[in-house]
Amino acid sequence: VSYPSIVGEMIASGFSIIGFSWICSPACTELEVVVMDWLAKFLKLPSHFLHETEGPGGGVIQGSASEAVLVAVLAAREQVVRRERENHPEMSESDIRGKLIAYSSDQSNSCIEKAGVLAAMPIKLLPASEDLVLRGPTLKAAIERDVAAGYIPVICIATLGTTGTCAYDEIESLAGVCEDHQVWLHVDAAYAGGAFALDECADLRRGLDRVDSLNFNLHKFMLVNFDCAAMWLRDANKVVDSFNVDRIYLKHKYEGHTQLPDFRHWQIPLGRRFRALKVWITFRTLGAEGLRAHVRKHIELATQFESLVKSDLRFELIAPRALGLVCFRAKGDNEITAQLLHRL
C-alpha cells in the first residue's frame, strides 16, 4: 500500500458515495472512466478495451478478482443461454442450462472453481502440462469430447500468473480454440498483470487482443490498498444485457450515454464505492515511472533471493522464478519444509 492510496481511501470514505449510476455522482463515474483508460494505456492493453475508443469495450473497478471472474462467468453463461434458445427453440431453458460447462486449468485460483459453484455451472479443471501451463490442444480435446456428449461449452478462464507458481497459460493457442467454438475467453492476471507495463515483459501481453475480458488487482502490484480489481471487457454490452434490471427509481435522462456508463450493470451489487479516487491520487502522486520502478524492484529482489537459494545446498527451486515469486523447498522430506514454514 502507499500513502497516496490511503489518502484517497480516506477522502472517498468521507464522501460516502454509493455511485451505482452516473447521476448519483457524476465525478465517481467519470473519474473511473478516466483512470481505467489510464490503466489500460499504462499496461499497454489493446485499444478496444478503452472507453475513449469507438466500440462497446471499457473498464470497470471491481472489488476483487473473485468478483471479476464471477461477472465474466455469469455474463458468458447468459449470452450462451440466449444464443441456444434462438438456435434451438425446441429446447427448454432448463434443458439448456443443464448442459452448460466451463473450463480452466487445475493450476487456477480457487475463486474460479467457486465462480462455477455460484453460477450453477460445472467448471472442468483441465490438467496443465509438466511446466504447469494450460495450452490450446488440451482445451480443444476437452471441448470436442464434451460437445460430442451433448454439453454446451460456455467460457474458458485462463491464468497469467497462477497462484502456485506464477505460470502463464498460453493465451494465443487458447484463443484460437475459443474462437472456433464460440467460447468466451477470460484472463485472470490478478498478480502478473502489473508486469504488462514493462517493455521487458511484453511477451506476457501476447494474445490479449483476442480475449473477451481480463482482470488485474491493483492491490497486488500497483501500491493501491485492498480492495481494487480492474476489469476490462471487449464488449461491455454483453455484461449490461445479462445484468440489466430496470426500476423506475433507477432511471435518469442520461441513461445509455456511451461515455457515461451506469456501472451498476457491470457488477454484482447495486451500490459501489468511489475506488477510482485512490487510483487517481496514487497515479498522480507516484507517476507511471514510479509505479514501473516499484514492479522492477520486486522482480530484482526475487532475482537476488533466487540466487541465494541456488547457492545454498540445503534448498532447491521447484519452479522457475517468475516476476516476484520464487518457489523453493528444503531438500529432503516434506516435513522439513513444513517445519521451516512454521518457523518463518
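Definitions and limits used
The residue numbering used here restarts from 1 in each chain and proceeds along that chain's sequence as written. pLDDT decides what is reported in this predicted model: residues at 70 or higher carry local features, side-chain atom pairs at 80 or more are listed and counted, and totals for whole chains, interfaces and linings draw on all residues regardless. Each side-chain value is derived from all of the structure's non-hydrogen atoms; neither hydrogens nor water enter the calculation. When accessible area is computed with a 1.4 Å probe and restricted to protein chains, residues below 20% of their type maximum are described as buried, those above 50% as exposed, and intermediate ones as partly exposed. The numbering of helices and of strands both runs from the N terminus, where a helix is a DSSP run of H or I of at least 4 residues and a strand a run of E of at least 2. Whether two residues are in contact is decided by their heavy atoms: any pair within 4.5 Å suffices. A patch consists of residues exposed above 30% relative accessible area that lack any salt bridge, with like charges linked at up to 9 Å and nonpolar side chains (Val, Leu, Ile, Met, Phe, Trp, Tyr) linked at up to 5 Å. To be clear on the numbers: accessible area is Shrake-Rupley with a 1.4 Å probe, and residue cover counts the displayed protein chains and nothing else. Just to be clear on terms, a salt bridge is a Lys or Arg side-chain nitrogen sitting within 4 Å of an Asp or Glu carboxyl oxygen. Where each domain starts and ends follows an automatic or database-derived domain assignment. Buried area is calculated as the accessible area (1.4 Å probe) missing from two parts once they are joined, with the contributions of both summed. Here the nonpolar group is Ala, Val, Leu, Ile, Met, Phe, Trp, Tyr, Cys and Pro; Asp, Glu, Lys and Arg are the charged ones; every other residue, Gly included, is treated as polar. Under the counting rule used here, the positive set is Lys and Arg, the negative set is Asp and Glu, and His together with the chain ends is not counted. In protein, a polar contact means a hydrogen-donor-capable atom and an acceptor-capable atom, both N or O and within 3.5 Å, with residues adjacent in sequence counting only if both atoms are side-chain atoms; elsewhere, any N or O pair within 3.5 Å suffices. UniProt positions are given in the numbering used here, feature names are shortened, and annotations may be inferred rather than shown by experiment.

Thoughts on helix 7 (residues 171-180)
Part 1 of the reasoning: Taken together, the buried positions of helix 7 are Ile171, Leu174, Ala175, Gly176, Val177 and Cys178.
Part 2 of the reasoning: In the core, the buried residues of helix 7 are packed alongside helix 6 (136-148), strand 4 (152-159) and strand 5 (184-188).
Part 3 of the reasoning: Directly after helix 7, the chain includes Gln182, whose backbone phi takes a positive value near 55°.

Regarding a nonpolar patch on the surface
Part 1 of the reasoning: A cluster of nonpolar side chains, contributed by Val1, Ile6 and Met10, occupies part of the molecular surface with about 320 Å² of accessible area.
Part 2 of the reasoning: Given a relative accessible area of 39%, Ile6 falls into the partly exposed group.

Some words on the domain arrangement of the protein chain
Part 1 of the reasoning: Here the domain parsing of the protein chain yields domain 1 (3-286) and domain 2 (289-343).
Part 2 of the reasoning: Contacts between the two partners involve 20 residues from domain 1, matched on the other side by 15 residues from domain 2.
Part 3 of the reasoning: For the pair domain 1 and domain 2, the summed buried surface comes to about 1500 Å²; carbon and sulfur atoms form 73% of the total.
Part 4 of the reasoning: Contact with domain 2 buries surface across domain 1, with Thr165, Leu198 and Phe221 losing the most and accounting together for 33% of the total.
Part 5 of the reasoning: Seen at the junction of domain 1 and domain 2, the total is one salt bridge.
Part 6 of the reasoning: Between Glu200 and Arg296 there is a salt bridge, and its shortest N-O distance comes to 2.7 Å.
Part 7 of the reasoning: Per-element accounting of the side of domain 1 that touches domain 2 gives the leading share, three residues, to helix 10 (residues 276-310).
Part 8 of the reasoning: Classifying every residue of the side of domain 1 that touches domain 2 gives 14 nonpolar, five polar and one charged.

Quick word on the side chain of Asp188
Part 1 of the reasoning: Locating Asp188 in the fold gives a position in strand 5.
Part 2 of the reasoning: No salt bridge forms around the buried Asp188; measuring N to O, its nearest opposite-charge neighbour Lys220 is 7.1 Å away.
Part 3 of the reasoning: A polar contact of 2.9 Å, which involves the side chain of Asp188, links it to the side chain of Asn215.
Part 4 of the reasoning: Leaving out residues up to four positions away in the same chain, Asp188 has contacts with Ala65, Asn109, Ile112, Ile157, Ala158, Thr159, Leu160 and Asn215.

Some details on the UniProt feature "modified residue: N6-(pyridoxal phosphate)lysine" (unreviewed entry) in the protein chain
Part 1 of the reasoning: Under the UniProt annotation, "modified residue: N6-(pyridoxal phosphate)lysine" (unreviewed entry) lies at Lys220.
Part 2 of the reasoning: Inspection of the secondary structure puts Lys220 in helix 8 (residues 218-221).

Some thoughts on the environment of Asp37
Part 1 of the reasoning: Relative to the assigned elements, Asp37 resides in helix 2 (residues 26-42).
Part 2 of the reasoning: In this structure, the C-alpha to C-alpha distance between Asp37 and Gly59, residues 22 residues apart in sequence, is 7.2 Å.
Part 3 of the reasoning: Every residue in contact with Asp37, bar those within four places of it in the chain, is listed here: Leu50, His51 and Glu52.

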